[in-house]
Amino acid sequence: MTAAATPDRLVRAVEMMGVRPADRVLEIGCGRGVAVALVCERLAGGTVTAIDRSATATAAARERNAAALAAGTAVLHNTALEDAAFEDGAFDQVFAVNVNLFWVRSPARELRLIGRWLAPGGRLHLFWQPPGEAKAAEIAAKVPPHLMAEGFHVETVTASPLVHVTARRS
């Protein structure tokens, strides 16, 4: 994959997460697997698990990340977030890029699942690239209360160049 083919928002998101070599990472809504590939580049002993509800997207992600899947560095599941089943404490970091459910409605059920799946000290990273400053401000204002209501401690909220909300389970 060439740098020109990689959306800048995904490069920035993975950089902002600070993925460590041994991290166990979950991506929610992996699409065609571009961020999965970026995370895999940073891993040495860690893993990235990715989910997406679209069978077409998951198939494309499998093709893009075939070597990482064969090596056991990446695992892909064609499932919706609310239907996923992972062990408690399975992930050091969980992230999602442009997954609107976290701000367009109450994501209480999904946040409870993520809270269980995060290891002690693990972080949740939510990213959006909205179409303008007003929408960025709206998203940045709506997400933290949802997180706090489900027992997360919001660590950072930035609105430029991406909206990025980072939280830990309290």
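Scroll up to find the structure.
Conventions used here
Residues numbered from 1 in each chain as written. Predicted model: local features only at pLDDT ≥ 70, side-chain atom pairs only at ≥ 80, totals over all residues. Heavy atoms only, no water. Helix = DSSP H or I, 4+ residues; strand = E, 2+ residues; numbered from the N terminus. Rg over C-alpha atoms; globule rule 2.2 N^0.38 Å. Buried < 20%, exposed > 50% of the residue type's maximum accessible area, 1.4 Å probe, protein only. Contact = heavy atoms within 4.5 Å. Core = buried A, V, L, I, M, F, W, Y, C linked by side-chain atoms within 4.5 Å. Pairing = 2+ DSSP bridges. Axes fitted to C-alpha atoms, helices over the stretch in contact; angles between N-to-C directions. Salt bridge = Lys/Arg side-chain N within 4 Å of Asp/Glu carboxyl O. Disulfide = S-S within 2.5 Å.

Considerations on the overall build of the chain
Scanning the chain from terminus to terminus reveals 7 helices and 7 strands. Secondary structure elements of the chain occur, N-terminal to C-terminal, as α-β-α-β-α-α-β-β-α-α-β-α-β-β. Relative to the 2.2 N^0.38 estimate, which gives 15 Å for 170 residues, the radius of gyration of the chain is 15 Å and therefore close to what a compact globule would have. Judged by the C-alpha coordinates and their principal axes, the chain covers about 40 × 35 × 30 Å. Within the chain, the fraction of its 170 residues that count as buried is 49%. Intrachain contacts of the chain at a sequence separation of at least 6 include 68% that bridge at least 24 residues.

Things to note about the nonpolar core
Of all hydrophobic cores here, the largest spans 32 residues; its most connected members are Ile 28, Phe 102, Ile 114, Trp 117, Leu 124, Trp 128 and Leu 147. Going through the elements one at a time, strand 1 (24-28), strand 4 (91-97), helix 5 (101-104), helix 6 (108-117), strand 5 (118-128), helix 7 (133-149), strand 6 (152-158) and strand 7 (163-169) are the ones with two or more residues in this core. If you look at the next biggest cluster of nonpolar residues, it comprises 24 residues, including Val 34, Val 39, Leu 43 and Ala 61.

Comments concerning the sheet that holds strand 2 (residues 47-52)
What the 7 strands build is an open sheet, ordered 3-2-1-4-5-7-6; its pairing is mixed. This sheet does not close on itself; its edge strands, each paired only once, are strand 3 (74-78) and strand 6. The average angle at which neighbouring strand axes cross in this sheet is 15°, direction not considered.

Remarks on the environment of Leu 69
With respect to the element layout, Leu 69 can be found in helix 4 (residues 66-71). As a C-alpha pair, Leu 69 and Thr 47 span 22 residues in sequence and 9.8 Å in three-dimensional space. When near neighbours in sequence (up to four residues on either side) are disregarded, Leu 69 contacts Arg 62, Ala 74, Val 75 and Leu 76.

Digging into the pairing of strand 4
The element strand 4 is extensively covered by neighbouring structure, given that 7 of its 7 residues are classed as buried. Sheet topology note: the strand 1/strand 4 ladder contains 4 bridges and is parallel. Within the sheet, the bridge partner assigned to Ile 28 lies in strand 4 and is Ala 96. Two strands pair when backbone bridges link them, and strand 4 and strand 5 are joined in this way by 6 bridges, in the parallel orientation.

Describing the pattern of salt bridges
Within this structure, the stated rule accounts for 11 salt bridges. The residue Asp 23 makes a salt bridge to Arg 20 at a minimum N-O spacing of 2.7 Å. Arg 20 gets classed as partly exposed once you look at its relative accessible area, which sits at 45%. The salt bridge involving Arg 105 is made with Glu 110; its shortest N-O contact spans 2.7 Å. Since its relative accessible area comes to 38%, Arg 105 is described here as partly exposed. Glu 110 gets classed as buried once you look at its relative accessible area, which sits at 4%.

Thoughts on the environment of Val 143
Relative to the elements of secondary structure, Val 143 occurs in helix 7. A sequence separation of 19 residues divides Val 143 from Leu 162, and the C-alpha atoms of the two residues are 14 Å apart. Sequence-distant contacts of Val 143, defined by excluding residues within four places in its chain, comprise Phe 102, Trp 103, Leu 126, Trp 128 and Val 165.

Concerning the state of the cysteines
Applying the stated criterion across every chain yields a total of 0 disulfides. Cys 30 forms no disulfide, and the closest cysteine sulfur to it belongs to Cys 40, at a distance of 11 Å.

What is shown is where atoms sit, not what they do.
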